[in-house]
Amino acid sequence: VYLVSQSGASSDCVEEESKGLEGEIKQAEEALKEVRGKVDAAKQSASAARKDRDVVAQAAALDSEVAELEKALAALQDVAERAGEQVEVDVAELGIVEKASAVVHREWKRRRRLCMEVLLTFSERADCKVEKLVDRYAVETDDSCGHHFP
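A brief structural summary. (Residues numbered from 1 in each chain as written. Predicted model: local features only at pLDDT ≥ 70, side-chain atom pairs only at ≥ 80, totals over all residues. Heavy atoms only, no water.)

1. Brief notes about the pattern of salt bridges
Where we set the bar: When a carboxyl oxygen of Asp or Glu lies within 4 Å of a side-chain nitrogen of Lys or Arg, that pair is called a salt bridge. We count a stretch as a helix when DSSP gives it H or I for four or more residues in a row; a strand needs E for two or more, and each element gets its number in order from the N terminus. Each residue's exposure class comes from its accessible area (1.4 Å probe, protein chains only) as a fraction of the maximum for that residue type: buried when under 20%, exposed when over 50%, partly exposed otherwise.
Here the structure, examined in full by the defined rule, presents 4 salt bridges. Notably, a salt bridge pairs arginine 110 with glutamate 107, separated by 2.6 Å at the nearest N-O pair. Placement of the pair is arginine 110 and glutamate 107 together in helix 2 (residues 91-126), with a separation of 3 residues, close to one helical turn. Under the relative-accessibility criterion, arginine 110 is labelled partly exposed at 36%. A network of salt bridges, in which partner residues are shared, links Glu107, Arg110 and Arg111.

2. Focus on helix 2
For clarity, the threshold we go by: Expected span, for any helix, means 1.5 Å times one less than how many residues it has. Working rule for contacts: check all heavy atoms of both residues, and any pair within 4.5 Å makes them a contact.
Compared with the 52 Å implied by 1.5 Å per residue over 36 residues, the 52 Å span of helix 2 between its first and last C-alpha is a close match. Residues Trp108, Leu119 and Ser123 constitute the buried set of helix 2. Elements that come into contact with the buried residues of helix 2 comprise helix 3 (130-136) and helix 4 (142-145). One or two residues past the end of helix 2 sits aspartate 127, with phi positive at roughly 55°.

3. Regarding the layout of surface pockets
Using the following cut-off: Points on a 1 Å grid over protein atoms alone make up a cavity when a 1.4 Å probe fits among them but cannot get out, and a pocket when they form an open set with protein on both sides within 12 Å along at least five of seven lines; lining residues each have an atom within 4 Å of a point. Grid points are joined across faces, edges and corners, and a volume is the space filled by probe spheres set on the points. Polar here means any residue other than Ala, Val, Leu, Ile, Met, Phe, Trp, Tyr, Cys and Pro, which are nonpolar, and Asp, Glu, Lys and Arg, which are charged; Gly is therefore polar.
Quantified by volume, the largest pocket comes out at close to 290 Å³. As for the largest pocket, its lining consists of 14 residues, and the residues nearest its centre are Arg112, Met116, Glu140, Thr141 and Asp142. Counting only elements with at least two residues in the lining of the largest pocket, the list comes to helix 2, helix 3 and helix 4. No other element matches helix 2, which puts 6 residues into the lining of the largest pocket. Residues of the lining of the largest pocket, tallied by class, amount to 7 nonpolar, 1 polar and 6 charged.

4. Brief notes about unusual backbone geometry
Residue aspartate 127 is not a glycine yet carries a positive backbone phi of 55°. Here aspartate 127 is to be found in the loop between helix 2 and helix 3. At alanine 138, a residue that is not glycine, the phi angle is positive and equals roughly 50°. When you line up the elements, alanine 138 lands in the loop between helix 3 and helix 4. Classification of alanine 138 as exposed rests on a relative accessible area of 60%.

Structure below.
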């Protein structure tokens, strides 16, 4: 870099050098953009690979769960075959199960009502619909999970 007070430095020389530096800066900026693009592509690729790995892990877990359920089913079928066609139901046990089911159902209704109240409050404050909040924050509803309680 030449200073004006230096001998031999002319305005033409300074202008040429500044144009040269500006050209180098532009090339460096373009190279930086290209590198950033490659980094973004690599991040997307890594994200996709992580998702694939997670799916494979979930599939393996499901396979093991299916195997366990098949073993349990085989054991239950064996018990049913040994018991014959008649299976006796204990009336007292049936009553206990019905009461427990009613308790669980009431608790489910209470929790669902509380969740809906929270979502409604948020939707009023955000001035948007509940469905939009459910989508935006990935809230799993009973319907989206396939649970349809009476």
